[in-house]
Amino acid sequence: MNLTRPPSKNLVSTNAPNLRHERTDEGTHAATVEIGRKGEGEDPVRAQRVIIGEHAHAENIYGKEVLLRTGAETENVYGERITIDSHCHINSVIWYTDELRLGEGVSLAKDP
């Protein structure tokens, strides 16, 4: 595995059963990526399951299953099943193919 940047303390990514991820100039890729509270994601974030922690930020998220916790902020979210908790900010677009759940006070730049 070739890591191009040192791991961030706020980024935990797993590829079960071992803790593995791949960081390249093209972002972070893993089976599951979790960006911790107030963390910053490596752009883009691509995984089967993506969790953006409370008040964390990521630019572009691609996942089969995406969860943004309270107060998270992102530019673009692309996924099959997307859950956005309360008071999150989406500054550009949301594209989903199966299900979208929005909490109260979610700020969307554009309608999904």
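All values reported here derive from a predicted model rather than from experimental measurement.

S.K.: Is there a simple way to think about the packing of aromatic side chains in this case?
M.R.: By convention here, two paired aromatic rings are described through the distance between centres and the angle between planes. Scanning the model with the defined rule gives one aromatic pair in all. Between the aromatic rings of Tyr62 and Tyr78, the centroid separation amounts to 4.8 Å while the plane-to-plane angle is 10°, which identifies the pairing as stacked. Of this pair, Tyr62 sits in strand S5 (residues 57–68) while Tyr78 sits in strand S6 (residues 73–84), and the two are 16 residues apart along the sequence. In this arrangement the basic side chain of Arg46 is found over the ring face of Tyr62, its NZ or CZ atom lying 4.8 Å from the centre.

S.K.: Please explain the pattern of salt bridges as it appears in this structure.
M.R.: When their charged atoms lie close together, side chains carrying opposite charge are able to pair. Evaluation of the coordinates by the stated rule reveals five salt bridges. Across the salt bridge formed by Glu65 and Arg49, the nearest N and O atoms sit 3.2 Å from each other. Of the two residues, Glu65 sits in strand S5 while Arg49 sits in strand S4 (residues 45–52), which places them 16 residues apart along the sequence. The exposure class of Glu65 is partly exposed, given its relative accessible area of 32%. Across the pair Arg81 and Glu80 runs a salt bridge, and its minimum N-O distance is 3.8 Å. Among the charged side chains, a network of salt bridges with common partners joins Arg49, Glu65, Glu80 and Arg81.

S.K.: Explain the nonpolar core to me, please; I cannot follow it from the model alone.
M.R.: Taken as a class, soluble globular proteins show a tendency for nonpolar side chains to be buried jointly. Counting residues in each nonpolar core, the largest one holds 20 residues, and the members touching the most others are Ile35, Val50, Ile52, Ile61, Val66, Leu68 and Ile84. Not counting chain neighbours up to four residues away, the residues in contact with Ile52 comprise Ile35, Ala58, Ile61, Leu67, Leu68, Arg69 and Ala72.

S.K.: Sorry if this is basic, but what is going on with the environment of His55 here?
M.R.: For His55, the location among the structural elements is in the loop between S4 and S5. The exposure class assigned to His55 is partly exposed, which follows from its relative accessible area of 45%. Spatially, the C-alpha atoms of His55 and Arg69 are 7.5 Å apart, while their sequence positions differ by 14 residues. Look past the residues within four positions of His55 in its chain and what remains in contact with it is Arg37, Lys38, Thr70, Gly71 and Ala72.

S.K.: I keep staring at the side chain of Asn76 and nothing clicks. Help me out?
M.R.: By secondary structure assignment, the location of Asn76 is in strand S6. A polar atom in the side chain of Asn76 sits 3.3 Å from the backbone nitrogen of Val93. Residue contacts for Asn76: discarding those within four places in its chain leaves Glu59, Asn60, Ile61, Ser92 and Val93.

Cut-offs used in this document
One numbering rule holds for all chains: residues counted from 1, following each sequence as written. It should be noted that, the model being predicted, local features are given only for residues of pLDDT at least 70 and side-chain atom pairs only at 80 or more, the latter also being counted only at that level, while totals for whole chains, interfaces and linings use all residues. Hydrogens and water are ignored here; the side-chain numbers use all heavy atoms of the structure. For Phe, Tyr and Trp, rings pair up if their centres lie within 6.5 Å, where Trp contributes its six-membered ring, and each pair is then called stacked (planes under 30 degrees apart), edge-to-face (over 60) or tilted (otherwise). The way it works is that DSSP assigns letters per residue, a run of H or I at least four long becomes a helix, a run of E at least two long becomes a strand, and they are numbered from the N terminus. Placement of a charge over a ring requires the Lys NZ or Arg CZ to be within 6 Å of the ring centre, with the centre-to-atom vector within 35 degrees of the ring normal. By convention in these notes, a salt bridge is any Lys or Arg side-chain nitrogen within 4 Å of a carboxyl oxygen on Asp or Glu. Only protein chains enter the accessibility calculation, which uses a 1.4 Å probe. A residue is then buried if its area is under 20% of the maximum for its type, exposed if over 50%, and partly exposed in between. Throughout, nonpolar core names a set of buried Ala, Val, Leu, Ile, Met, Phe, Trp, Tyr and Cys residues whose side chains join them through atoms within 4.5 Å. Contact between two residues is taken to exist if any of their heavy atoms lie within 4.5 Å; hydrogens are not considered. Any N or O atom pair separated by 3.5 Å or less is treated as a polar contact, with the protein-specific requirement of one donor-capable and one acceptor-capable atom, and with residues adjacent in sequence counted only for side-chain atom pairs.

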